[in-house]
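# Working through the structure, step by step
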Amino acid sequence: MSQDSVEATEKVVERKSWVIDIRPLKVTAYRRMWVGNGLSFFGFQFTSVAVPVEMYAITNSSAWVGLLGIAGLIPLLIFGLWGGAAADVVDRRKLLLASSMLAWIATVGLLVQALFSVNSGWLLLALTAVQSAGFAISSPTRQAIIPRIVSPGLVPAANTLAYTTTTAGGVLGPLAAGLIFAVSGTGTGVTVAYAVDALLFTVSFWATWKLPPIPPVEHEPGEEKPTAGLRGILVGLRFLVTQPVLLLSFAVDIVAMVFAMPRALFPEVAADRFGGEGAVGWLFAAIAIGSVLGGLTSGWIGRVKRQGVALVIAVVGWGVAIGFSGLAHSLWLMVLLLAVGGAADLVSAVYRQSILQVYAPDRLRGRLQGVFTVVVAGGPRLGDLRAGATADFTSTTASWAGGGFAAAGLAVVLAVAFPALVKYRPPAATGDDANR
């Protein structure tokens, strides 16, 4: 397979359907990645539930459970940037294999410590950190591979398929994990959960192993050779600050997540307005359910030419939907509005990812994907902090609804003040590489 997969081989056929676009699945390499990533992400949901459950069972302390977030975030911030830089220097297939192996070893470690009842909170923190480091390296690498195996015209559809699948895993995985705990109890349940994750993770190894070599592109004569160290990361950051389209796409995402992510308020609102435990599950699931439904009806996404405008509209839609949901005093109305917000968030995520993958040159794509990973990981966590702190000073309604409307307003202000993003159009697509 040619390494320059963005070269056209076939004419792109305009699609009129509103159903999710599955043409990228005709590309053999992408199809294998999609299956592997979908199953591994579904399996990871079992671990994401089992680790805090086991931590609380060992320590009987929510503070220790909270430390798991720090143990996962710090490696993500550090290795997300480094992994992106490394993806521009070495063969991306080999780097993805190595980083996936690191995460898999951590998962097997979790399984082993559960089998032998080690009961160490510190060990859980360490294994969580190692697993997070593996994910931080593999995530930008995996995303940087996509534009090398599908053509520009299919990048939005490829990202939509990926986001829809992982979001569905985010809904179904925790439900399946909860069923395991209900049937088996905590002790056996965590062991089974880790085993399921380790088993499904092996499918992603198969998918990555079957990829063709994806070496870095050759740098231009006289151009500085890229490195995976600090200098290489700084080169990517210097490029980013000179590209208003990419900067603004990151900025609107930060605005959306920091100001309009109401997740930290779900337990309190569920208890105060809707009576507690039954309601909180629906609130946590609502955004993901909306994203899945949005993905299944996303056939129109790839036909949009003004992707910058569409991104801004999606962020505004997210903010407005979140704002009105914060005012709702009916559980089902709140769930519906959160689901609308989730659908808008999926559209926003697809366009942000697609703009980055197509706009950025391949020699810098990994580094910029690393920045993207940090933004995507850090934004919601900052949003949790903002929402909780604001609610303490004002009220949950003011924090939730006010944050949503503020995000919508700020997105409009950014779009008007810096019009580069709304003027952005993707390059004309000339092929779909359907026979790859």
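In every chain, residue numbers begin from 1 and rise along the written sequence. Given that this is a predicted model, residues contribute local features only at a pLDDT of at least 70 and side-chain atom pairs are listed and counted only at 80 or more, while totals for whole chains, interfaces and linings are drawn from all residues. Side-chain metrics in this entry use all non-hydrogen atoms of the structure; hydrogen atoms and water are not considered.

## Here we look at the overall build of the chain
A run of DSSP states H or I qualifies as a helix once it reaches four residues; a run of E qualifies as a strand once it reaches two. Both are numbered from the N-terminal end. Along its length, the chain carries 14 helices and 0 strands. What you see in the chain, going N to C, is helices and strands ordered as α-α-α-α-α-α-α-α-α-α-α-α-α-α. A simple rule labels every residue: compare its accessible area, found with a 1.4 Å probe on the protein chains alone, to the largest value its type can have, and call it buried under 20%, exposed over 50%, or partly exposed in between. Within the chain, buried positions represent 52% of all 436 residues. Residue contacts are defined here by distance: any two heavy atoms, one from each residue, within 4.5 Å place the two residues in contact. Taking as baseline every contact in the chain between residues at least 6 positions apart, the subset at least 24 positions apart corresponds to 87%. The protein chains shown are the only cover counted for residues, whose accessible areas, like all others here, come from Shrake-Rupley with a 1.4 Å probe. Element-wise, carbon and sulfur atoms account for 71% of the exposed surface of the chain, whose accessible area totals about 18,300 Å².

## Some details on the nonpolar core
Formed by 56 residues in total, the largest nonpolar core has its most connected members in Leu283, Trp318, Leu338, Leu368, Trp400 and Leu421. Among the elements that make up this core, the one with the highest residue count is helix 11 (residues 331-359) (11 residues). With residues near it in sequence (within four places) discarded, Leu368 still touches Gly236, Phe239, Leu240, Leu246, Phe250, Leu356 and Ala360. What is meant by a nonpolar core is a set of buried Ala, Val, Leu, Ile, Met, Phe, Trp, Tyr and Cys residues, joined one to another through side-chain atoms within 4.5 Å. Counting 18 residues, the second largest nonpolar core, distinct from the first, contains Val51, Leu68, Leu125 and Val190.

## Some words on unusual backbone geometry
One non-glycine residue, Ser117, adopts positive backbone phi at about 50°. On the secondary structure map, Ser117 appears in the loop between helix 3 (92-115) and helix 4 (121-149). Despite not being glycine, Asn119 has its phi angle at roughly 55°, a positive value. Within the fold, Asn119 resides in the loop between helix 3 and helix 4.

## Description of the pattern of salt bridges
Whenever Lys or Arg places a side-chain nitrogen within 4 Å of a carboxyl oxygen from Asp or Glu, that contact is recorded as a salt bridge. Enumeration according to the criterion identifies 4 salt bridges in this entry. Across the pair Asp88 and Arg92 runs a salt bridge whose closest N-O atoms are separated by 3.1 Å. A salt bridge links Asp384 to Arg263, with the nearest nitrogen and oxygen atoms 2.7 Å apart. You can see Asp384 sitting in helix 12 (residues 362-393) and its partner Arg263 sitting in the loop between helix 7 (244-260) and helix 8 (266-274), a full 121 residues away along the chain.

## Quick word on the environment of Leu199
Topologically, Leu199 is positioned in helix 5 (residues 155-209). The exposed category is assigned to Leu199, whose relative accessible area is 58%. Taking the C-alpha atoms as reference points, Leu199 and Ser40, separated by 159 residues in sequence, lie 8.6 Å from one another.

## Looking at the confidence of the model for the chain
The predicted coordinates should not be examined in detail at positions where pLDDT is low. When pLDDT is averaged along the chain, the result is 83; 89% of the residues meet or exceed 70. Per-residue pLDDT, averaged within each element of the chain, yields its smallest value for helix 6 (residues 230-241) (74) and its largest for helix 10 (residues 307-327) (96). In this model, residues 1-13 is a region of pLDDT below 50 whose contacts with residues beyond four sequence positions or in other chains number 41 contacts. In predicted models, pLDDT denotes the confidence assigned by the predictor to each residue on a 0 to 100 scale.

## A few points about the side chain of Ser132
Checked against the element boundaries, Ser132 lands in helix 4. Under this definition, polar contacts are N or O atom pairs within 3.5 Å; protein pairs additionally need one hydrogen-donor-capable and one acceptor-capable atom, and for neighbouring residues in sequence, both atoms have to be side-chain atoms. A polar side-chain atom of Ser132 sits 2.4 Å from the main-chain carbonyl oxygen of Gly72. The contact partners of Ser132, leaving out residues within four places of it in the chain, are Ala71, Gly72, Pro75 and Leu76.

## What about the packing of aromatic side chains?
The criterion for an aromatic pair is that two Phe, Tyr or Trp rings (for Trp, the six-membered ring) have centres within 6.5 Å, with stacked assigned to planes under 30 degrees apart, edge-to-face to planes over 60 apart and tilted to the rest. A full pass over the atoms with the stated rule returns 6 aromatic pairs. A centroid spacing of 5.5 Å and a plane angle of 50° characterise the contact between Phe266 and Trp400, whose relative ring orientation is tilted. One end of the pair, Phe266, is in helix 8; the other, Trp400, is in helix 13 (residues 396-417), with 134 residues separating them in the sequence. With 5.2 Å between their ring centres and 85° between their planes, Phe324 and Phe405 make a pair best called edge-to-face.

## Re the packing of helix 10 against helix 11
Interaxial distance between helix 10 and helix 11 falls to 8 Å at its minimum, and their mutual angle equals 155°. Here helix 10 is positioned roughly antiparallel relative to helix 11, judged by the angle of their axes. Relative to helix 11, the crossing made by helix 10 is left-handed. Of the residues in the contact of helix 10 with helix 11, the class split is 16 nonpolar, 8 polar and 2 charged. Here, axes are lines fitted to C-alpha atoms. For helices the fit covers the stretch in contact, and angles between N-to-C directions go from 0 to 180 degrees. Put simply, angles under 35 degrees are roughly parallel, angles over 145 are roughly antiparallel, angles from 65 to 115 are roughly perpendicular, and the rest are oblique. Crossing chirality is assigned from the near helix's rotation relative to the far helix, an anticlockwise turn below a right angle marking it left-handed and a clockwise turn marking it right-handed. Under the scheme applied here, ten amino acids are nonpolar (Ala, Val, Leu, Ile, Met, Phe, Trp, Tyr, Cys and Pro), four are charged (Asp, Glu, Lys and Arg), and all others, including Gly, are polar.

## Some remarks on the packing of helix 8 against helix 13
In contact at an axis separation of 11 Å, helix 8 and helix 13 are set at 125° when each is read in the N-to-C sense. By the angle class used here, helix 8 and helix 13 are oblique. Handedness of the helix 8/helix 13 crossing: left-handed. Only Thr396, Thr397 and Trp400 of helix 13 make contact with helix 8, whose side of the interface consists of Phe266, Glu268, Val269 and Arg273.

## A short note on the side chain of Ser138
Note that Ser138 resides in helix 4. Judged by relative accessible area, which is 5%, Ser138 ranks as buried. Reaching out from Ser138, the side chain makes a polar contact with the backbone oxygen of Phe135 at a distance of 3.2 Å. Here Ser138 is in contact with Leu96, Ser99 and Ser100, once residues within four sequence places are set aside.

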